[in-house]
Structure formats: structure tokens, C-alpha cells
Amino acid sequence: MRSERAMSPPAGRLRGYIVKSHRVLDSPISAAPRALLVLAAVLLVVALTQPLWDMTMFAPQYQDGLRLHIYASQLVGGNGGQDLKEINLLNHYIGMHDLAQESFKEFLWMPFVFGALALLLLRAAVFGTVGNVLDVTVLSMYVGAFSLWSFAKTMWAYGHELAPTAPVKVPPFMPPVFGSKQLANFEVYSYPGVGTWAIIVAAVAMAVALAVAVRGARRELAAEPA
């Protein structure tokens, strides 16, 4: 009996914390978080129309550089697509697979996932509670982290799965995901594109919306009569 009485106050505080947390999550959100969620949804749609990543390769024979733009659903080479053909021709000499649409499985699901997230953000903006904002924010961050990991994994495979019969032998390598790297006589630069910056701003908007929504819900609960 003494053990049960000793456990009672902490258990009561825990129960009170859980009840209060549920009430916060069930609270409706105000106008400011709703506007931020709509902004985040629009930015995700914008991200589908802009390059997520830009890669540029410079070499003595390519003073103007070869450019590759990676979208959520396609690869686009610079110079009207000619740069992608030139990159694949160079890759052939070192045994690297051609950069092709079908090699990037991300292109099959990213447009649909981004569209679904945009719809969930709009749903949370119209009908949402703090819990809805938390759910869509966490889900969006997971999708963003998984997408970046998947992109890096694909780049790693391209640089390590080299054909042994290639005319030019080079050691396996990891193309840069962010920053610059010297590969043979090429200086390769890889940086986020406009689409990724739109996603980053959308993530910040979601985080701010969640913080404002939680603070508003707590303020309203504190103002309730005891």
C-alpha cells in the first residue's frame, strides 16, 4: 500500500500531462498557422516545376561547362539537352551507366508524394487542429530526409558500379551531392536548385506554423477558468 501511495503523485502528474497534451493537439489552429500551411503547400507545388539539384562539370575542353538539372520527375541537360548526351558519352569511357530517366526510381513517386503532401497541408489549413499540423510536419520532414538519402544512394551507385571493360580505368568514386569535387580532369559542382530551396522554405513555414499553433493552444488553455 505504501508503494502504491508513493507512486500516486507522479502517476497523477503524468496523467495530467497526457490529458493536457491531448487537449493541445485537439485545439483548432488560428489564421496565422493556416496561412503558413497554405504557403508551404504552394511552395511544394512550385518545387515540382523547378530543378531540385543542379550539377555543372568544367574541364579544359569544356570551358563553358556541362550542366545537368535534376527535377522531381526528370533529368534535363543544359544546352537544349545536348549536355546530358555529352555527359553520357564521357561516362561511357569510364564505364559509368548512362544517366537515364528509368535509372532514377525517385521520378516514379516524388511527384505523387509531393502532391499528396500539398493536399494534406491544405486539409490541415482548412479543417486542421494542432495535431494535424504536427502530423503533416513530421511526415514532410521524413519524406524530405528520405528523398535526400535516396538521391545520395543513387549517386553512390553510379560512381561505384563501373564496368570493368571500360576503356579508361578510374577508381570508384562518389559524385558530389553538395559542393565541389575533382573527378579526373573535371571539376564537378553540385548544389540545391530552386525547387529544393522552395522545399526548405516550406519546411520552415511548417515548423513556424506548428510553433505558433502550439503556443496559441497553450495560451487558450491557460486562460480557461479553473
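Right above here is the structure, for reference.
Note on numbering: residues in each chain are counted from 1, in written sequence order. Totals for whole chains, interfaces and linings use every residue, but because this is a predicted model, local features are given only for residues with pLDDT of at least 70 and side-chain atom pairs only at 80 or more, for both listing and counting. Side-chain numbers here rest on the full set of heavy atoms in the structure, without hydrogens or water.

Trainee: When you look at the overall build of the protein chain in this model, what are you seeing that I'm missing?
Mentor: If you tally the helices and strands in the protein chain, you get six helices and five strands. Each residue is assigned to one of three classes by its accessible area relative to the maximum for its type, calculated with a 1.4 Å probe on protein chains only: buried under 20%, partly exposed between the two thresholds, exposed over 50%. Within the protein chain, buried positions represent 38% of all 226 residues. The contact definition used throughout considers only heavy atoms, calling two residues in contact when any of these lie within 4.5 Å. Taking the contacts inside the protein chain whose residues are at least 6 apart along the sequence as the reference set, 67% of them involve residues at least 24 apart. When the accessible surface of the protein chain is summed, it comes to about 13200 Å², and 67% of that surface belongs to carbon and sulfur atoms. In this description a helix means any DSSP run of H or I spanning at least four residues, a strand means any run of E spanning at least two, and both kinds are numbered starting from the N terminus. All accessible-area figures derive from a Shrake-Rupley calculation using a 1.4 Å probe, and residue coverage is judged against the displayed protein chains alone.

Trainee: Would you mind showing me how to read the pairing of strand E2 (residues 62-70) here?
Mentor: Side chains on a regular strand alternate between the two faces of the sheet. By this definition, two strands are paired if DSSP reports at least two bridges between them. Here strand E1 (residues 53-59) pairs with E2 via six bridges, running antiparallel. For Asp-54, the partnering residue across the bridge sits in E2 and is His-69. Count of turn residues in the E1/E2 antiparallel hairpin: two residues. Bridging between E2 and strand E3 (residues 75-77) involves three bridges; their strand directions are antiparallel.

Trainee: Would you take a moment to explain the packing of aromatic side chains for this structure?
Mentor: For any pair of aromatic rings, the description rests on two quantities: the centre-to-centre distance and the angle between the ring planes. Here the aromatic set is Phe, Tyr and Trp, taking the six-membered ring for Trp, and pairing holds for ring centres within 6.5 Å; pairs whose planes are under 30 degrees apart are stacked, those over 60 apart are edge-to-face, and all others are tilted. Throughout the structure, instances matching the rule amount to nine aromatic pairs. Taken together through their ring pairs, the aromatic side chains of Trp-109, Tyr-142, Phe-146 and Trp-149 make up a single cluster.

Trainee: Which parts of the structure should I look at to understand the side chain of Asn-91?
Mentor: Within the secondary structure, Asn-91 sits in helix H3 (residues 82-94). Residue Asn-91 is classed as buried on the basis of its relative accessible area, which comes to 7%. With residues up to four places along the chain from it excluded, the contact list for Asn-91 reads Met-96, His-97 and Leu-99.

Trainee: Whenever I open this one, the side chain of Thr-196 confuses me. Can you help?
Mentor: One can find Thr-196 in helix H6 (residues 194-223). Assessed through its relative accessible area of 13%, Thr-196 is described here as buried. Excluding residues within four positions of it along the chain, Thr-196 makes contact with Pro-51, Leu-52 and Trp-53.

Trainee: Even after reading the chapter, I still don't get the pairing of strand E4 (residues 179-183), so can you show me in this structure?
Mentor: Two elements, E4 and strand E5 (residues 186-192), share five bridges in a ladder whose sense is antiparallel. Considered in E5, the bridge of Ser-180 is made with Tyr-189.

Trainee: What is the right way to read the sheet that holds E1 from this model?
Mentor: In sheet architecture, strand pairing relies on hydrogen bonds along the backbone and comes in two forms, parallel and antiparallel. Across the sheet, five strands lie side by side as E3-E2-E1-E5-E4; this open sheet has antiparallel pairing. Looking along the sheet, the strands with just one partner apiece sit at the ends: E3 and E4. The mean angle between the axes of side-by-side strands here comes to 20°, regardless of whether they run parallel or antiparallel. Helix axes use the C-alpha atoms of the stretch in contact, all axes being lines fitted to C-alpha atoms, and the angles between their N-to-C directions lie in the range 0 to 180 degrees. Running over the sheet, H3 touches E1, E2, E3 and E5 and is turned about 100° from E2.

Trainee: What am I meant to see in the packing of helix H2 (residues 31-49) against helix H4 (residues 106-127) here?
Mentor: A pair of packed helices is characterised by two quantities: the angle between their axes and the separation of those axes. The geometry of H2 relative to H4 is characterised by a closest axis approach of 8 Å and an angle of 165° between their N-to-C directions. Judged by the angle between their axes, H2 and H4 are roughly antiparallel. Pair H2 / H4 crosses with left-handed handedness. Each of Arg-34, Leu-37, Val-38, Ala-40, Ala-41, Leu-44, Val-45, Ala-47 and Leu-48 in H2 lies in contact with H4, whose residues at this interface are Met-110, Pro-111, Phe-114, Gly-115, Leu-117, Ala-118, Leu-121, Leu-122, Ala-124, Ala-125, Val-126 and Phe-127. Under the grouping applied here, Gly and all other residues not named as nonpolar or charged are polar, the nonpolar ones being Ala, Val, Leu, Ile, Met, Phe, Trp, Tyr, Cys and Pro and the charged ones Asp, Glu, Lys and Arg. Within the contact of H2 with H4, the residues separate by chemical class into 19 nonpolar, one polar and one charged. Oblique is the label for any angle not covered by the other classes, which are roughly parallel (under 35 degrees), roughly antiparallel (over 145) and roughly perpendicular (65 to 115). Put simply, a crossing is left-handed when the front helix is turned counterclockwise from the back one by less than a right angle, and right-handed when it is turned clockwise.

Trainee: What is the right way to look at H2 in this model?
Mentor: Note on helix geometry: an α-helix contains 3.6 residues per turn, so any two residues three or four positions apart are oriented the same way. Across its 19 residues, H2 extends 28 Å between first and last C-alpha, which sits within 8% of the 27 Å expected from 1.5 Å per residue. Those residues of H2 lying buried are Pro-33, Leu-37, Ala-40, Ala-41, Leu-43, Leu-44 and Ala-47. Summarising the axial view, the buried residues of H2 lie within an arc of 160°, below the 170-degree limit, and thus occupy one face. For a helix, the expected span equals 1.5 Å multiplied by the number of residues minus one. Our arc is simply the arc of the directions from the helix axis toward the C-beta atoms.

Trainee: How should I be thinking about unusual backbone geometry in this particular structure?
Mentor: Positive phi, close to 55°, is recorded for Asn-79, a residue that is not glycine. Summarising the element assignment, Asn-79 is placed in the loop between E3 and H3.

Trainee: Would you mind going over a nonpolar patch on the surface with me for this structure?
Mentor: Patch criteria: residues need more than 30% relative accessible area and no salt bridge. Like-charged residues are merged within 9 Å; nonpolar side chains of Val, Leu, Ile, Met, Phe, Trp and Tyr are merged within 5 Å. By salt bridge we mean one thing: a side-chain nitrogen of Lys or Arg within 4 Å of a carboxyl oxygen of Asp or Glu. On the surface, Val-38, Val-42, Val-46, Leu-119 and Leu-122 cluster together into a nonpolar patch covering about 390 Å² of accessible area. If you list the elements that add at least two residues to the nonpolar patch, you get H2 and H4. Structurally, Val-46 can be placed in helix H2.

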